[in-house]
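Observations on the three-dimensional arrangement
The chain contents come next:
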Amino acid sequence: MNKVIVGNHAVSWGVKLARTEVISAYPITPQTQIVEELSDMCARGALNARFIKVESEHSAMAACIGASAAGVRTFTATSSQGLALMHELLHWAGLGRHPIVMANVNRAMGPGWNIWTDQNDSLSQRDTGWIQLYCETNQEVLDTTIQAFKLAEAVNIPVMIILDAFFLSHTSEPVDIPDQVTVDRFLAQRETSIKLDVADPHAFNALVRPDAYMEMRKDQQDWMRRAKTVYAEIETEWKALFGREYGKIEPYRTDDAELILVTSGTVTSTTRHVVDQMRERGTRVGLVKIKMFRPFPTDDIRRALSGAIKVAVLDRNISPGRSGIFAEEIRSALYNIPMDDRPKIFGYIVGLGGRDVTPAVIEDIVEQTQIATQPTREDLWVGVKP
Amino acid sequence: MTDCSLLTCGVEDERTFEMDDYADAMPRWCPGCGDHAVLTAVERVLEKEQLRPEQTVFVSGIGCSSRFPHYLDTYGFHGLHGRALPLATGVKLSRPDLNVFVVMGDGDCTSIGAGHWLHALRYNMRMVVLMLDNEVYGLTKKQTSPTTPLGFPTNTQPRGSYLPPLNPISVMLGMTNASFIAQTADWVPAHLFETIEAAFHHDGFAFIRVLQRCPVFSANIFERAVKSPDLTELLVDDQGINVTNLGGLYKNLLRHDPSDLDRARWLAEPSDKIRLGLFYQNQAHPKYEETRKVKHHTPAEKIALLNTELDRYAV
């Protein structure tokens, strides 16, 4: 079934088709439509889930952890300050190994108050033990939402689906909505042996002393690593059923590229367009879209970038005092490959607080990177007023 | 410490202020929003008291009401969702000479910030605290708030709110150190003004719940009360909030001694009438800014204290 829907409703449809059992959320712009649509589905009886209206995002994640511990499929959605308020509980979901799925609509952090997109909200939750998947289109948002439940439950790690504020959340696109029967074949009801069960009592989250804590952490790390393989398998299965796949990363026209642009989120679509145009003019430029940020797909990145001479990373985020975060992760991923294969990494900070990243901005980045012989010590901020 | 700031102490200040002097950006609330009435009443109080803009600060959280500081030419702090009161606590504790006003909505105050709300009352620092209660989340466009009436449909509870609403006045009257608890409504501007005025003169934490119309998302909640003044009961007393110029519109007057806490609690319970007025006032509770005031020491005293401290480590 084809429908023209906004990105937020693409999430809601994915959550519905996944037969989610408990949803708990607090309203925040630009996410609110996701949970409003789900509330409506619950009220109409279209979705057989309990919707828990709570008094803050901190409570929302706590309620999700409780529901997940009881063994049911659980979802929440948030954005920016709401995600930041959840921070403590994000660690609990991560290290407690609760396969919760959350949609985060990327929105800049305050102050000053800003409701438009950038990635600093989700990226500052990097180390909380959540898988992070950045989406480019509404179709990808819907598909990834359903896949996320399967992935989370296979590795017992929570998954965050990430979409750009307004550029996706409030923008309508045609979306193919999979039929329930096929989705049910792809995603069975959640089964877990570890749950709150009066017939088989367990205690959760007891004190873990130094003699066992490291093993717990190591187990989390091993399963994080395994999530990369599991996700590839899930995508293969998804493609067989629905004919679509996205990849942990997606190389685009990179085969003979001298310069590769690296993007995530909706900037990718614009960059794809610029790459096509520049290719017509004979410029050997390509694109790598990063979808999976945690676990970081190091091997895929190395394969995709090691042939290029230069790499320009477009970061819609900033780690204050350091660099764009994707650029920094990529530098680190490429450091230990042979020197001759190592491209020069140029970092660009773009589009913070929802500033538009137009084709002209990207063309400018390509030209600057072509002219430069060496990357500057600091990332370049594009289009910043003096 | 005197109540003059470093900047103006000893300087003759002959400025006088009119209402317009306190106005800043053009308010961007919906037409008919009750927040406009609250802003006007606040500007009238500022003018009447001739508060110097640089000696006055408005702290808010997140919500429609929390846009308040943008619209006033005083100091303003547009804070985080639910955190207006701890932010204001920090301001008042470090600058007790400032006139501190806090503006929150029902979501800000009774939902995400509920913990702070109780403790701020217990601290009892001198500030005017306005909770603009439209009984719905307005800024995010109609979701259930803790004060949403039972059965009222919203976008998060389309079949109507499942729970009876939280009663903010009852909650406040149950807290330790309650010192000024009042209720007023945006559609009775004279009462609104007098209530904020009385709160400003209260020597402690003055909490006002303003019943506030939202013409877009909770339009019919207060409609009956607005159209039928008979459904309103004004609490009056020589020691309370007394408004004489209501044109005989509000005829239900109920004598209530605001020092009577038990009766205040009884009056706060839900009834067939909306009660406006001062439920409770008690200025005997210590204020936190005085409890925690740092004693002023002369240089000689400071040296003596330091020596006493250093003597503990002498060998």
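Residues numbered from 1 in each chain as written. Chains lettered and ligands numbered in written order. Predicted model: local features only at pLDDT ≥ 70, side-chain atom pairs only at ≥ 80, totals over all residues. Heavy atoms only, no water.

Okay, the confidence of the model for chain B next. Of all residues in chain B, 96% have pLDDT values of 70 or greater, and the mean over the chain is 94. Two summary scores accompany this predicted model of the complex, namely pTM at 0.93 and ipTM at 0.89. (pLDDT = per-residue confidence, 0-100.)

All names here are of chain A. Spatial ordering of the open sheet is given by β9-β11-β10-β13-β14-β15, a layout of six strands whose pairing is mixed. Only two strands of the sheet have a single partner each, and these edge strands are β9 (249–252) and β15 (380–381). For β9 and strand β11 (residues 285–290), the ladder comprises four bridges, and the chain directions are antiparallel. The residue of β11 that forms the bridge with tyrosine 252 is leucine 287. (Pairing = 2+ DSSP bridges. Helix = DSSP H or I, 4+ residues; strand = E, 2+ residues; numbered from the N terminus.)

The next subject is the interface of chain B and chain A. Each partner contributes residues to the interface: chain B has 20 residues there, and chain A has 18 residues. Roughly 1400 Å² of surface becomes buried between chain B and chain A when both sides are summed, with 59% attributable to carbon and sulfur atoms. Per-residue buried area on chain B facing chain A is highest for Ile112(B), Thr140(B) and Thr156(B); these three make up 30% of the total on that side. Where chain B meets chain A, there are zero salt bridges. For the pair chain B and chain A, the interface holds ten residue pairs in polar contact (both at pLDDT 80 or more). The element that contributes the greatest number of residues to the side of chain B that touches chain A is helix α3 (residues 106–112) of chain B, accounting for three residues. Here the side of chain B that touches chain A is composed, by residue class, of five nonpolar, eleven polar and four charged. (Contact = heavy atoms within 4.5 Å. Buried area = accessible area lost by both parts, 1.4 Å probe. Salt bridge = Lys/Arg side-chain N within 4 Å of Asp/Glu carboxyl O. Polar contact = N/O pair within 3.5 Å; in protein donor to acceptor, adjacent residues only side chain to side chain. Nonpolar A, V, L, I, M, F, W, Y, C, P; charged D, E, K, R; others polar.)

Further remarks concern helix α4 (residues 114–123) of chain B. Residues and elements named next belong to chain B. Listing the buried residues of α4 in full gives Trp117, Ala120 and Leu121. Seen from one end, α4 has its buried residues packed into an arc of 100°, which puts them on one side. Residues of α4 that are buried in the fold lie against α2 (84–94), α3, α5 (168–173), β5 (180–185) and β6 (205–211). One or two residues past the end of α4 sits asparagine 124, with phi positive at roughly 55°. (Buried < 20%, exposed > 50% of the residue type's maximum accessible area, 1.4 Å probe, protein only. Arc of directions from axis to C-beta.)

Residue and element names in this part refer to chain A. A surface patch of nonpolar side chains, about 220 Å² in accessible area, is lined by Val208, Tyr213 and Met216. Mapped onto the secondary structure, valine 208 falls in the loop between α8 (180–186) and α9 (210–242). Classification of valine 208 as partly exposed rests on a relative accessible area of 31%. (Patch = residues over 30% accessible without salt bridge, like charges linked within 9 Å, V, L, I, M, F, W, Y side chains within 5 Å. Areas by Shrake-Rupley, 256 points an atom, 1.4 Å probe, with all protein chains shown as cover.)

Residues and elements named next belong to chain A. Tracing the backbone through its elements, the reader meets threonine 20 in the loop between α1 (7–17) and β2 (22–25). A distance of 2.8 Å separates the side chain of threonine 20 from the backbone oxygen of valine 15, its partner in a polar contact. If near-sequence neighbours (up to four positions away) are discounted, threonine 20 is found in contact with Val15, Leu47, Asn48, Ala49, Arg73, Thr74, Phe75 and Phe149.

Counting 52 residues, the largest nonpolar core has Ile23(A), Phe75(A) and Ile131(A) as its most contacted members. When near neighbours in sequence (up to four residues on either side) are disregarded, Ile23(A) contacts Val15(A), Leu38(A), Cys42(A), Leu47(A), Ala49(A), Arg50(A), Phe51(A), Ile52(A) and Phe75(A). Membership of the second largest hydrophobic core comes to 45 residues, among which are Val45(B), Phe58(B), Leu72(B) and Phe180(B). (Core = buried A, V, L, I, M, F, W, Y, C linked by side-chain atoms within 4.5 Å.)

The next thing to look at is the packing of aromatic side chains. In total, this model carries 16 aromatic pairs over all chains according to the counting rule given. Ring plane angle 85° and centroid distance 6.0 Å describe the contact between Phe293(A) and Phe296(A), whose orientation is recorded as edge-to-face. Judged by its relative accessible area of 0%, Phe293(A) falls in the buried class. With centroids separated by 5.9 Å and ring planes inclined at 45°, the aromatic side chains of Trp29(B) and Phe68(B) adopt a geometry described as tilted. Remark: Phe68(B) occurs in the loop between β1 (56–60) and β2 (75–78) and Trp29(B) occurs in the segment before α1 (35–49); sequence separation between them is 39 residues. Pair check on accessibility: Trp29(B) and Phe68(B) agree, each one buried. Following the ring pairs from residue to residue traces out a cluster consisting of Trp29(B), Phe58(B), Phe68(B), Tyr71(B), Phe101(B) and Phe200(B). Of note, Arg294(A) hangs over the ring of Phe293(A), and the distance from its end group to the ring centre comes to 4.8 Å. (Phe/Tyr/Trp six-rings, centres within 6.5 Å; stacked < 30°, edge-to-face > 60°. Lys NZ or Arg CZ within 6 Å of the ring centre and 35° of its normal.)

What follows concerns the side chain of Asn124(B). Residues and elements named next belong to chain B. Following the sequence through the fold, asparagine 124 ends up in the loop between α4 and β4 (127–133). A polar side-chain atom of asparagine 124 sits 3.3 Å from the main-chain carbonyl oxygen of proline 286. For asparagine 124, the contacting residues outside a window of four places in its chain are Asn177, Ser179, Gly204, Phe205, His285, Pro286, Lys287, Tyr288 and Glu289.

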